[in-house]
Each structure stands twice: as C-alpha cells, then as structure tokens.
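What follows is the residue order along each chain.
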Amino acid sequence: MKIRKNIVGYTIPLFLALLCFVGGIGEKDDAGTAMVVTALVIVAWCGLNWLTTSLEVKDGLITGRTGLIKKQRLSSPVSKIQYCEYKHFLCFNTIRINAITGQYTFKNMRNASAFVDGVNREMR
C-alpha cells in the first residue's frame, strides 16, 4: 500500500497563489509581474512537495520519504518498527513511526488511518 500527501494541506497556499495570480494579471507594472511569479513559485513548491512525499509498505518493508530541503528517508523492515500511530484533528492528520533508525513524522497523508492499521497488523 502506497500513500501520498492529501490535497487538503495545500488549500491555503494554493488559494493564496490564486489570489496573487489574479491580482498580478490585472497589473501592468513590476508589482503585477512579482505577484504572478510569486503565484508560480507557490504552485511549484506545492507540486514538488507532493511529488517528494510518500509512504509505502511492501513485502514486509516500510519505506518513506519527505521534504524538499530537510529530507527524511525511512527504510526499515516492519518487524523493526516499535510503533506506528495515527492522530487527526479536523481534516489534518499525522502519522508517527518509531523505528530503530529514528522517529519519522508524515503529515496530511491520504488514507492515513488505513495505512497505520495495515502496518500495525503486519507488526503483529
């Protein structure tokens, strides 16, 4: 099972990018250009963040990666995981995995509850 980030975590930045883009289109000066460039940077950041964040369990091995600048990589057999927990608040969630190599946190992942249940079943 492989999961990626949920689009809910990007709603505010993408809404701000939309406002910048719409505001920048109407302007014919440097401020308008700066607003359009800012909107494109925000959209590119959201897209790269979505592409570089994933979590997967396959054949008894859990792998994950997150981050653009501060990267984290998780690669561990499921048998070496001490715990995998799921927390949620409103429409946001957090997966915490504690393995021998350290503690890893993945925020706003799609199907997070089902993923944690699957990992906990494999740990038994």
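See above for the structure.
Small disclaimer: the values here were computed from a predicted structure and weren't measured.

Trainee: Quick rundown of the packing of aromatic side chains? Include the residues and the values.
Mentor: All told, the structure shown has zero aromatic pairs when counted by the stated rule. The residue whose ring lies beneath Arg-4 is Trp-50, and the NZ or CZ to ring-centre distance is 5.0 Å.

Trainee: I'd love a proper account of the environment of Gly-64, names of residues and values included.
Mentor: Inspection of the secondary structure puts Gly-64 in strand E3 (residues 61-66). Its relative accessible area of 8% is what places Gly-64 among the buried residues. Sequence separation between Gly-64 and Ser-76 is 12 residues; the distance between their C-alpha atoms is 9.3 Å. Every residue in contact with Gly-64, bar those within four places of it in the chain, is listed here: Ser-54, Leu-55, Gln-72, Arg-73, Leu-74 and Phe-106.

Trainee: An account of the nonpolar core is requested, with residue identities and associated values reported.
Mentor: By size, the foremost hydrophobic cluster in this structure holds 18 residues, and its most contacted members are Leu-55, Ile-62, Leu-74, Ile-95, Ile-97, Phe-106 and Phe-115. At the level of elements, strand E2 (54-58), strand E5 (81-89), strand E6 (92-99), strand E7 (102-107) and helix H3 (112-123) are the ones that each hand at least two residues to this core. Ignoring sequence-local partners within four residues, the contact set of Leu-74 consists of Leu-55, Ile-62, Thr-63, Gly-64, Ile-97, Ala-99, Tyr-104 and Phe-106. Grouped together as the second largest cluster of nonpolar side chains are six residues, Ala-17, Ala-39, Ile-42 and Cys-46 included.

Trainee: For helix H1 (residues 11-26), give the residues involved together with the corresponding values.
Mentor: For H1, which comprises 16 residues, the first-to-last C-alpha distance of 23 Å matches the rise-based estimate of 22 Å (1.5 Å per residue) to within 8%. The complete set of buried residues in H1 reads Ala-17, Cys-20 and Gly-24. Axial view of H1: buried residues confined to an arc of 65°, hence all on one face. Away from its buried face by more than 90 degrees, H1 exposes Ile-12, Val-22 and Gly-26. Buried residues along H1 sit in contact with helix H2 (30-51).

Trainee: Before we move on, can you summarise the sheet that holds E5 with the specific residues and values?
Mentor: In space, the three strands of this open sheet follow the order E5-E6-E7, with antiparallel pairing throughout. Every other strand in the sheet has two partners, leaving E5 and E7 as the edge strands with one partner each. Within the sheet, the average angular offset between the axes of one strand and its neighbour, ignoring direction, is 15°. Pairing analysis gives six bridges linking E6 to E7, with the strands arranged antiparallel. Of the residues in E7, the one forming a bridge with Ile-97 is Tyr-104.

Trainee: Report on the pairing of strand E4 (residues 72-77), specifying residues and quantitative values.
Mentor: Where E3 lies against E4, six bridges are found, and the strand directions are antiparallel. Bridging across to E4, Thr-66 finds its partner in Gln-72. The antiparallel hairpin formed by E3 and E4 contains five residues in its connecting segment, where Gly-67 sits at a positive phi of about 100°.

Trainee: How would you summarise the packing of H1 against H2 if you had to cite specific residues and measurements?
Mentor: What describes two packed helices is the angle between their axes and the distance between those same axes. Between H1 and H2, the least distance of the axes is 7 Å, while the angle of their chain directions is 155°. When the axis of H1 is compared with that of H2, the two are roughly antiparallel. Two packed elements cross with a definite hand, and for H1 against H2 that hand is left-handed. Across from Pro-13, Leu-14, Ala-17, Leu-19, Cys-20, Phe-21, Gly-23, Gly-24 and Ile-25 in H1, the residues of H2 making contact are Gly-32, Met-35, Val-36, Thr-38, Ala-39, Ile-42, Val-43 and Cys-46. By residue class, the composition of the contact of H1 with H2 is 13 nonpolar, four polar and no charged.

Quick notes on the rules
Think of each chain on its own: its residues are numbered from 1, step by step along the sequence as written. Where totals are concerned, whole chains, interfaces and linings use all residues; where local detail is concerned, this predicted model gives features only for residues with pLDDT of at least 70, and gives and counts side-chain atom pairs only at 80 or more. Side-chain measures here rest on the full set of heavy atoms in the structure, leaving out hydrogens and waters. Only Phe, Tyr and Trp rings are paired, with Trp represented by its six-membered ring, and only when their centres lie within 6.5 Å; those with planes under 30 degrees apart are stacked, over 60 edge-to-face, the remainder tilted. Both a distance and an angle decide whether a charge sits over a ring: NZ of Lys or CZ of Arg must be within 6 Å of the ring centre and within 35 degrees of the ring normal. Each helix is a run of DSSP H or I of at least 4 residues and each strand a run of E of at least 2, with the numbering of both proceeding from the N terminus. Only protein chains enter the area calculation, which uses a 1.4 Å probe; residues under 20% of their type maximum are buried, those over 50% are exposed, and those in between are partly exposed. Here, two residues are considered to be in contact whenever any of their heavy atoms come within 4.5 Å of each other. In these notes, a set of buried Ala, Val, Leu, Ile, Met, Phe, Trp, Tyr and Cys residues joined through side-chain atoms within 4.5 Å is what counts as a nonpolar core. Multiplying one less than the number of residues by 1.5 Å gives the expected span of a helix. By arc we mean the arc of the directions from the helix axis to the C-beta atoms, nothing more. A pair of strands is considered paired only if DSSP assigns at least 2 bridges between the two. Fitting a line to C-alpha atoms yields each axis, with helices limited to the stretch in contact; the angle taken between N-to-C directions then spans 0 to 180 degrees. Relative orientations are named as follows: roughly parallel for angles under 35 degrees, roughly antiparallel for angles over 145 degrees, roughly perpendicular for angles from 65 to 115 degrees, and oblique for any other angle. Left-handed describes a crossing in which the near helix is turned anticlockwise from the far one by less than a right angle; the clockwise case is right-handed. Each residue gets one label: Ala, Val, Leu, Ile, Met, Phe, Trp, Tyr, Cys and Pro are nonpolar, Asp, Glu, Lys and Arg are charged, and the others, such as Gly, are polar.

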